[in-house]
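Structural overview
One-letter residues, chain by chain:
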Amino acid sequence: MIKIENLTFKYRNSKKNALENIDLIIEDGDFVGIIGKGGAGKSTLTYAINGIIPHHYQGDYYGSVKIDGDDTFDKNPSELSLKIGSVLQDIDSQMVSSVVEDEILYGLENFAIPKDEVEQRLSSSLKELGISSLRYRTIESLSGGQKQKVAIAAILALRPKVLLLDEPTSELDPKSSVQIFQLLRELNKKHGITIIVVEQKIMLLSEFAEKLAVMSEGKIVLNGKVRDVMKHSSELESIGINCPRVVTLSNRLIDRGVDIGKVCINLDEAEVMARGLIHG
Amino acid sequence: MKGFLDYVPGNSFLHKLNPLTKLVLALMICVACFISENHILLVAIILLNLAIAKAAGILSRGLMLLKGLTKISLVIFLLQLLFIRGGDVLITLPLNLLITERGVAMAFVIVLRLIGATMPLALMLSITQMNDLSNVLVTKLKIPYKYAFTLTTAMRFIPIFANEMSGIIEAQASRGVELDTRNIFKKIKFVLPLCVPLLITSVKKIEGSAISAEIRGFHLRTRESCYKGYPIRKSDVGVMFFSAFLVFSAIIISGV
Ligand SMILES: Nc1ncnc2c1ncn2[C@@H]1O[C@H](COP(=O)(O)OP(=O)(O)OP(=O)(O)O)[C@@H](O)[C@H]1O
Ligand SMILES: [Mg+2]
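Scope of this entry: the structure provided in the associated data block. (Residues numbered from 1 in each chain as written. Chains lettered and ligands numbered in written order. Predicted model: local features only at pLDDT ≥ 70, side-chain atom pairs only at ≥ 80, totals over all residues. Heavy atoms only, no water.)

All names here are of chain A. Neighbouring ligand 1 are 15 residues, the closest being Gly39, Lys42, Ser43, Thr44 and Gln89. Contacts to ligand 1 include lysine 42, whose side-chain N or O atom sits 2.8 Å from an oxygen atom. A total of 640 Å² of accessible area belongs to ligand 1 in isolation, and the protein chains cover 66% of it. In terms of residues, the shell around ligand 1 owes the most to one element, helix α1 (residues 42-50), which gives three residues. Here the shell around ligand 1 is composed, by residue class, of four nonpolar, seven polar and four charged. (Near = heavy atom within 4 Å. Polar contact = N/O pair within 3.5 Å; in protein donor to acceptor, adjacent residues only side chain to side chain. Areas by Shrake-Rupley, 256 points an atom, 1.4 Å probe, with all protein chains shown as cover. Helix = DSSP H or I, 4+ residues; strand = E, 2+ residues; numbered from the N terminus. Nonpolar A, V, L, I, M, F, W, Y, C, P; charged D, E, K, R; others polar.)

Moving on to the coordination of the magnesium ion (ligand 2). All names here are of chain A. Around the magnesium ion (ligand 2), the donor atoms from the protein are Ser43 (OG) and Gln89 (OE1), and they sit 1.9 to 2.1 Å away. Residue serine 43 is located in helix α1, and its partner glutamine 89 is located in the loop between β6 (84-87) and α4 (100-110); the two are separated by 46 residues in the primary sequence. Of the residues examined, serine 43 reaches a relative accessible area of 18% and is grouped as buried. Look at glutamine 89 and you get partly exposed, because its relative accessible area is 35%. (Donors = N, O, S within 2.8 Å, 3.2 Å for Na, K, Ca; no water. Buried < 20%, exposed > 50% of the residue type's maximum accessible area, 1.4 Å probe, protein only.)

On to the interface of chain B and chain A, then. Listed as interface residues are 33 residues of chain B and, on the opposing side, 37 residues of chain A. Buried surface at the junction of chain B and chain A, summed over both partners, amounts to about 3100 Å²; 52% is from carbon and sulfur atoms. Sorting the residues of chain B by area buried against chain A places Ile215, Arg216 and Tyr227 of chain B first, and these three jointly supply 30% of that buried surface. In this structure, glutamate 103 of chain A and arginine 216 of chain B form a salt bridge, with 2.9 Å as the shortest nitrogen-oxygen distance. The tally of links between chain B and chain A comes to 14 residue pairs in polar contact (both at pLDDT 80 or more). Secondary structure elements with two or more residues in the side of chain B that touches chain A: α6 (130-139), α7 (145-174) and α8 (184-214) of chain B. Among the elements that make up the side of chain B that touches chain A, the one with the highest residue count is α8 of chain B (nine residues). (Contact = heavy atoms within 4.5 Å. Buried area = accessible area lost by both parts, 1.4 Å probe. Salt bridge = Lys/Arg side-chain N within 4 Å of Asp/Glu carboxyl O.)

Right, let's talk about the side chain of serine 212 of chain B for a bit. Here serine 212 of chain B lies in helix α8. Under the relative-accessibility criterion, serine 212 of chain B is labelled buried at 1%. Those residues in contact with serine 212 of chain B that sit more than four places away from it in its chain are Leu88, Ser93, Gln94 and Val96 of chain A.

As a further point, take helix α2 (residues 19-35) of chain B. Residue and element names in this part refer to chain B. Here α2 contains 17 residues, and its C-alpha end-to-end distance of 24 Å stays within 8% of the 24 Å for a straight helix at 1.5 Å per residue. Those residues of α2 that fall on the buried side of the exposure criterion are Pro19, Leu20, Thr21, Lys22, Leu23, Leu25, Ala26, Ile29, Cys30, Ala32 and Cys33. Considering only its buried residues, α2 is in contact with α1 (13-16), α3 (39-55), α5 (101-126), α6 and α9 (234-254). Put simply, asparagine 18 is the residue that caps the front of α2, since its side-chain oxygen is 2.8 Å from the backbone nitrogen of leucine 20. (Expected span 1.5 Å × (residues − 1).)

Let us now look at the sheet that holds strand β2 (residues 19-26) of chain A. Residue and element names in this part refer to chain A. If you walk across this open sheet you meet the four strands as β2-β1-β4-β5, and the pairing is antiparallel. Unpaired on one side and paired on the other, β2 and β5 (70-71) mark the two borders of the sheet. Where strand β1 (residues 2-11) lies against β2, five bridges are found, and the strand directions are antiparallel. What sits directly across from lysine 3, in β2, is isoleucine 25. Where α1 meets the sheet, its contacts fall on β1, β2 and β4 (59-67), and the angle it forms with β1 comes to roughly 120°. (Pairing = 2+ DSSP bridges. Axes fitted to C-alpha atoms, helices over the stretch in contact; angles between N-to-C directions.)

Let us now look at the environment of leucine 25 of chain B. Topologically, leucine 25 of chain B is positioned in helix α2. Note: C-alpha distance between leucine 25 of chain B and aspartate 236 of chain B (211 residues apart in sequence) is 9.9 Å.

What follows is about the pattern of salt bridges. All names here are of chain A. Counted under the stated rule, the structure contains 17 salt bridges over all chains. Note that aspartate 68 is salt-bridged to lysine 161, the shortest N-O span being 2.8 Å. Residue aspartate 68 is found in the loop between β4 and β5, and its partner lysine 161 is found in the loop between α6 (144-156) and β7 (162-166); the two are separated by 93 residues along the sequence. With a relative accessible area of 31%, aspartate 68 lands in the partly exposed category. On the accessibility criterion, lysine 161 (36% relative accessible area) is partly exposed. Overlapping salt bridges, with partners in common, bring together Asp68, Lys83 and Lys161 in one network.

Here we take up the environment of glycine 280 of chain A. Checked against the element boundaries, glycine 280 of chain A lands in the segment after α12 (267-279). Taking the C-alpha atoms as reference points, glycine 280 of chain A and glutamate 109 of chain A, separated by 171 residues in sequence, lie 62 Å from one another.

The biggest cluster of nonpolar side chains holds 61 residues, and the ones touching the most others in it are Ile104, Leu163 and Leu184 of chain A. Apart from residues lying up to four places away in sequence, isoleucine 104 of chain A is in contact with Leu122, Ser125, Leu126, Val150, Ala153, Ala154 and Ala157 of chain A. Ranked by size, the runner-up nonpolar core spans 54 residues in total, among them Leu17, Met124, Leu133 and Cys226 of chain B. (Core = buried A, V, L, I, M, F, W, Y, C linked by side-chain atoms within 4.5 Å.)

With that settled, consider the sheet that holds β6 of chain A. All names here are of chain A. Within the open sheet, the six strands sit side by side as β6-β7-β8-β3-β9-β10. Their pairing is mixed. Looking along the sheet, the strands with just one partner apiece sit at the ends: β6 and β10 (219-225). In this sheet, neighbouring strand axes are inclined to one another by 15° on average, regardless of whether the strands run parallel or antiparallel. Taken together, the four bridges between strand β3 (residues 31-35) and strand β8 (residues 194-198) define a ladder with parallel strand orientation. Each bridged residue has a counterpart across the sheet, and for isoleucine 34 the counterpart in β8 is valine 198. The sheet strands contacting α6 are β6 and β7, and the helix crosses β6 at an angle near 170°.

Quick look at the structure:
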């Protein structure tokens, strides 16, 4: 369980708080989406979870972040990485090797994975992302989307208990983005891996995530089950997040007093609602 | 000289050598260059460099390096020509400048040395993966991983900087900034302000790499962590002997 209590953080040589009074609990097995517009503090929040803050970036730090009861202050990011696998936002600078195979090997070596297990982990994580054919390519020769998949494969090979991804689909086409989220769902459902994903595409989150944390100016302004958060479509609009059309539509119907039961958060639900209205 | 250091994949005899052997070969070629004052030997070493490039399937990069280095050398050659004096005066120039016999001979030596000693290092980096290099530094030479990682990360970023720099220059050129001016001071005046953003992005990139290493278990790594083995084979021993032979001949021929 990840327990963030009253966390406030200001980067050194920065004037305003990047995080302000964050309270957030993420249970084991959750699938949480974090959304908010540019500069809201999403990446900073991920740094606070994987220990980059306070171990790499210093600044004014109040409150606490506990991973299964351990304060992130007491464990360095490498120790935390045994539990939490992170994919960073900047894909280029997170590569530490010049060839794909070595990039995946890097973490496996550091974790001292037994040698007879390494090959299996390497090939299966490449396969899960559908990039087995890229194994011997140089990183430099890859497209942005391919690099993004390599970055995810490198973390997946480490089999973390928690997967923390910062905008993992920013360089991907719509089809690959959906595939990544399908993979995340599978990891979550089949292997019980906790998924925390920062994502700008609200459609993906409303389809795949179970919970949503909405950030604005360093604060978490809305937090809860996706459906509950989606009820507040006008608040979301006011902080610069455009809800999916079906959400806006069903919220409007509810406001006008039409009895449709609950907010629809995806197309399937909208279809059921429309049929209900037509036949009922 | 865009992209003159990044890794070129391949399957040649040289690619397959132990990274340590490649490092030794490159360093010994450098040493041979610095020992020798013999023009013919220095030219032979440069030809050897090209032969190595050919054998590794990167002849075009070898030639590109040679061309780039020759351009730089031209300036150095002219300076040395004027500053080193000795032996017969060949030409007397205005402003009390002399071109002497020894000046010509030494200027050639210095320039050939520069070319002969820079090429093997660049070629070595082109056919060696940085991870492999840092792994042998740690396992064979017992250098702490922290230093090996810093060194190889810095080297890995050189080509990235070079690419970024040429990107910035192209962007400026397309906006009509004239960077092709012959006047070296003007050129510096144009390029200097461009270096600041480059420096900032570079520092950010290196920081990103360090963070990425940290969250993938950097601090957990031990000397035994390395997955690939780096055996020293017969071919490696052969190349090491060849390197020693090279230095030895340079000593004999130059009579040091
Ligand atoms: N290293 C740093 N030093 C100082 N200030 C920083 C640093 N990194 C981020 N900030 C500031 O902290 C605030 C939050 O940034 P953060 O990167 O967490 O936002 P974000 O929500 O991830 O944005 P984006 O969607 O653009 O990735 C911003 O105001 C930013 O300028
Ligand atoms: Mg961000």
